[in-house]
Amino acid sequence: MNVILRRILALWVRAELRPADAAAAINDCDAPVCYLLERRSAADLAVLQNLAARNGLPRPGKRLLRPGEHAEVRSVITLLRPRGFFGRRYDRRPPPELLILIDALRSHEGSDVALVPVAVYWGRAPHKEGSLWRLLFAENWALTGRLRKLLTVVFNGRATLVEVGKAISLRSLINGERSTAALARGATRSLRNQFRAQRAARIGPDLSHRRNIRGEILRTAAVRNAVRQEMRERKVDRRSALRTAQQYVDEIAANYSHNFVRIMERVLRRLWNRLYDGVDFAHASTLTSVATGSEIVYVPCHRSHMDYLLLSYAIYREGFAIPHIAAGINLNLPVIGRFLRKGGGFFLRRSFAGNTLYTVVFMKYLAAIMARGHSIEYFIEGGRSRTGRLLQPKTGLLAMTLRSFLRERKRPVVFLPVYFGYERIVEVGTYVGELSGKQKQKETTLGFLRSLRILREHFGRVHVNVGEPIALETVLDQHEPKWRDHDYDDGNRPAWVGPATDALGQQIMRNINAAAAMTPVNLLALVMLATPRQVMLETDLANQIDGYLGLMRQCPYSERVTVTSLVGREVIDYCYRLGMIERQQQKFGVLVSMTDANATLAAYYRNNCQHLLALPSLLACAFAGNPVMRTEDLQRLAWRIYPYVQAELFLRWDENELPEVVDRTLASMAMLGLIEAQSDGTGWRRPPPTTGAAMQLSLLAQGMLQTIERYYLAIAQLLRAGRGQLTARELVELCHLTAQRISMTYGLNSPEFFDRSLFVNFIDLLKARAVVTLDDQGKLQFDEVLIRVAADAQVVLSDEIRHSILQVTHS
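Residues numbered from 1 in each chain as written. Predicted model: local features only at pLDDT ≥ 70, side-chain atom pairs only at ≥ 80, totals over all residues. Heavy atoms only, no water.

(A) Geometry of the overall build of the protein. Helices and strands together make up the secondary structure of the protein, namely 33 helices and 25 strands. Counting across all 811 residues of the protein, residues that qualify as buried make up 55%. Across the protein, contacts joining residues at least 24 apart in sequence account for 77% of those joining residues at least 6 apart. Of the roughly 36400 Å² of accessible surface on the protein, a fraction of 52% belongs to carbon and sulfur atoms. (Helix = DSSP H or I, 4+ residues; strand = E, 2+ residues; numbered from the N terminus. Buried < 20%, exposed > 50% of the residue type's maximum accessible area, 1.4 Å probe, protein only. Contact = heavy atoms within 4.5 Å. Areas by Shrake-Rupley, 256 points an atom, 1.4 Å probe, with all protein chains shown as cover.)

Structure, rendered in structure tokens:
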């Protein structure tokens, strides 16, 4: 019967083996191989046997080599066996074959068996889910009867995923003096948990008890205490306070649906094909390495409303369960909010201040979905970046995640940073308006319907890059090595938790930037915005783009950064087709230019990737007014300015790594002809002013010049006012107004030049590094350190720029 079934399924079933090296790993096993299937199924076994024959693997079902005389055991074992003809229940007792194998190993000390877990998921192979019938009979957590299994094979046989786990030594599971039955029960529990974690990673956790989550939250001691506090503060009875807590749960909670997600995958596939030339998902193998057995927290940057749709789509297409996504309550719109909940969205208010009950309910909801094994996604920037730079992290959800883990350590937590790189942002019109000073528009259902007209437009490619994962336990070890020795409850918040959360937030942002995508649009924006009036000869533009590409290849920012494969002229042609630039034929060549609107938007794309060339640009600034620079002076300037640039752009290197990185960057710049080493090896000189290399070095310097100008502006204002004359808020406002005036006077298409938040962050860092201090009246005090910082800035800035800033400052 099995032979007939195998032949029939071989004609119909198309199974994909995961991971790619599974066959080699099985063949490398030293001990005899015994396959473990999660559930008894003739179809699953037949698919495994066909795959084994096709890939040259040990045959499932053959007799195992036994060290002694024992009852016959075949090389495949099923952990869960259905009871009854219809298979409505499972027999969870240890399989008899496992008992026999354990007896055999206990009587022969030198022997072992390699247990290879194999899970068969029907209708879960990436890129292959099609019709509605396939969606209805795709893999889930429900018990499967014979009729449903038949329909599943019929509709999803050509979209089947066979996932092979790492081989497990049976002997490693049976150490100890317990009886064979006790050892078998322990081994069976361990193996069932592994299958359960693997299934949760692929299709999502079991949601059969989702309706009980509200009761689970309301029964916690923390919520009961918060309800009693609500009764006292608001003078309401217990029933009213409890009803309020229930309403909070309903307002927050997701209503995840596997079928809805499967249908939306088809809808989004068509949407992306209409909007984009493609969605590139880089470093997806990182998911495979951390998904099983870990609680994944996705922490992407926030560029667009498309972010959560794109990330969920990319994760699902890779064959993993999509995360539960934290969304602002402003997106809980009629109809749209309901769909977002079914896709795993849960909602939170912008502020929890003054509402203890809501805060506790939300924390307990977050803890509950983590305990159930759901991966989570949230944007720690708090909102979409309107400037293209990463925003300073909001650490509220990070702190809740950290405290939930400390209270209940069911599985290790891994944070997975994600970078989004758009060649053209969908909210293009909105962002140009907001960057030009218009108020942010409130999200409405009508506004959403109006936005559907974007479906007629074209937005290039999208890059979704996975960054280096961050294990929460590693972060905790750095701040409190003995954290495992203590128990933590809702009332116990150690002092080290705050610094650990802040450090984690900064590390996430650095890892996001370390996985950036340098697209043709980013390259064009970097060069064009460095030129006066955003006009350049096409040949010079192509040469500068090629120079940037060469610099990034000579001195790569990070292994996870992806760079376009196009060269300079191809980049220009590509951006011309996107409508970013205009061409005008002149006698001396082709002029490439940008309109004012495109220049404002180009600042957004430049800021996406400015950090990738920040250090070369910073070093290039030193040659703007100095033909020769000693290496030790360049190192001192970099050391003085780098901490502020690092904090603003979330650069990846620590300060103790900086000297080596500076030397490596200078060597790369010299290889490309941007600078020349002096014969005595003590310094560097810029190329002759009339050469193309001198122009390239000058344009490279422009990338960081406005940032240093902004720093110098703040310092100049403070020095002019004097010690103890300004508060931090007064200095920020003064800098903001002065920068606005400079921007209008000199025609800068960079709204972030007068961004208040950047001045706030710079002054906060000056205080943190004790360059400035506050007196008893809250006024800013400073000493010679600030004057030395200003002196170093003067070395970097040309005389013309410094005099322009000082003229505006003193007027």
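(B) Region of the structure containing the packing of aromatic side chains. Under the criterion given, the structure shown has 19 aromatic pairs. A centroid spacing of 6.3 Å and a plane angle of 65° characterise the contact between Tyr-276 and Phe-459, whose relative ring orientation is edge-to-face. Residue Tyr-276 is located in the loop between helix H12 (258-275) and strand S8 (278-282), and its partner Phe-459 is located in the loop between helix H19 (445-451) and strand S14 (461-466); the two are separated by 183 residues in the primary sequence. With a relative accessible area of 4%, Tyr-276 lands in the buried category. Under the relative-accessibility criterion, Phe-459 is labelled buried at 0%. When the centroid spacing of 5.8 Å and the interplanar angle of 50° are considered together, the rings of Phe-405 and Trp-483 count as tilted. Of this pair, Phe-405 sits in helix H17 (residues 396-407) while Trp-483 sits in the loop between helix H20 (472-479) and helix H21 (497-513); the two residues are 78 residues apart in sequence, bridging distant segments of the chain. Through a chain of ring-to-ring contacts, the aromatic side chains of Tyr-248, Phe-346, Phe-352, Tyr-358, Phe-362 and Tyr-365 assemble into a single cluster. Above the plane of the ring of Tyr-358 lies Arg-349, whose end atom (NZ or CZ) is 4.5 Å from the centre. Its end group placed over the ring of Tyr-644, Arg-769 keeps NZ or CZ at 6.0 Å from the ring centre. (Phe/Tyr/Trp six-rings, centres within 6.5 Å; stacked < 30°, edge-to-face > 60°. Lys NZ or Arg CZ within 6 Å of the ring centre and 35° of its normal.)

(C) Quick look at the side chain of Arg-341. Within the secondary structure layout, Arg-341 lies in helix H15 (residues 336-342). One buried charged residue, Arg-341, remains without a salt bridge, the closest side chain of opposite sign being Glu-251 at 7.1 Å. A polar side-chain atom of Arg-341 sits 2.9 Å from the main-chain carbonyl oxygen of Glu-251. A distance of 2.5 Å separates the side chain of Arg-341 from the backbone oxygen of Ala-253, its partner in a polar contact. When near neighbours in sequence (up to four residues on either side) are disregarded, Arg-341 contacts Asp-250, Glu-251, Ile-252, Ala-253, Ala-254, Asn-255, Tyr-256, Asn-332 and Phe-347. (Lys, Arg positive; Asp, Glu negative; His and termini not counted. Salt bridge = Lys/Arg side-chain N within 4 Å of Asp/Glu carboxyl O. Polar contact = N/O pair within 3.5 Å; in protein donor to acceptor, adjacent residues only side chain to side chain.)

(D) Looking closely at the pairing of strand S13 (residues 413-422). Most of S13 sits inside the fold, with 10 of its 10 residues counted as buried. Side chains of S13 alternate between two faces, with Val-413, Phe-415, Pro-417, Tyr-419 and Gly-421 and Val-414, Leu-416, Val-418, Phe-420 and Tyr-422 buried alike. Relative to S13, strand S9 (residues 295-300) runs parallel, the two being bridged by 6 bridges. In the sheet register, Tyr-298 faces S13, and the bridge partner there is Leu-416. Sheet topology note: the S13/strand S15 (residues 470-471) ladder contains 2 bridges and is antiparallel. Residue pairing across strands places Val-414 opposite Ala-471, the latter belonging to S15. With 5 bridges connecting them, S13 and S14 associate as antiparallel partners. Directly across from Gly-421, in S14, lies its bridge partner His-463. (Pairing = 2+ DSSP bridges.)

(E) Summary view of the sheet that holds strand S23 (residues 683-685). If you trace the 3 strands from one edge of the open sheet to the other, you get S21-S23-S22, paired in antiparallel fashion. On the outer flanks of this sheet lie strand S21 (628-630) and strand S22 (676-677), each paired with one strand and no other. Here S21 runs beside S23; their pairing, made up of 3 bridges, is antiparallel. Each bridged residue has a counterpart across the sheet, and for Met-629 the counterpart in S23 is Trp-684.

(F) Looking closely at the nonpolar core. The biggest cluster of nonpolar side chains holds 193 residues, and the ones touching the most others in it are Phe-346, Tyr-378, Phe-415 and Ile-508. It is helix H29 (residues 692-721) that provides the largest number of residues to this core, a total of 13 residues. Other than its neighbours up to four places away in sequence, Ile-508 contacts Val-299, Ile-380, Leu-398, Phe-415, Pro-417 and Ile-470. Formed by 24 residues, the second largest nonpolar core is a distinct cluster that contains Leu-98, Val-113, Ala-119 and Leu-161. (Core = buried A, V, L, I, M, F, W, Y, C linked by side-chain atoms within 4.5 Å.)

(G) Focus on the packing of helix H22 (residues 520-528) against helix H23 (residues 538-554). Packing of H22 against H23 brings their axes to within 10 Å, and their N-to-C directions diverge by 115°. Pair H22 / H23 crosses with right-handed handedness. Contact residues: H22 offers Leu-523, Leu-524, Leu-526, Val-527 and Met-528, while H23 offers Leu-541, Gln-544, Ile-545, Tyr-548, Leu-549 and Met-552. Looking at side-chain class alone, the contact of H22 with H23 contains 10 nonpolar, 1 polar and no charged residues. (Axes fitted to C-alpha atoms, helices over the stretch in contact; angles between N-to-C directions. Left-handed = near helix turned anticlockwise from the far one by under 90°. Nonpolar A, V, L, I, M, F, W, Y, C, P; charged D, E, K, R; others polar.)

(H) Spotlight on the sheet that holds strand S19 (residues 582-586). As summarised here, the arrangement of the 3 strands in space is S17-S20-S19, forming an open sheet in which the pairing is antiparallel. For this open sheet the edge positions go to strand S17 (535-537) and S19, each flanked by a neighbour on one side alone. Strand-to-strand twist in this sheet, taken as the mean axis angle between neighbours without regard to direction, amounts to 25°. One ladder, built from 5 bridges, connects S19 with strand S20 (residues 589-593); its direction is antiparallel. Bridging across to S20, Gln-585 finds its partner in Val-590.

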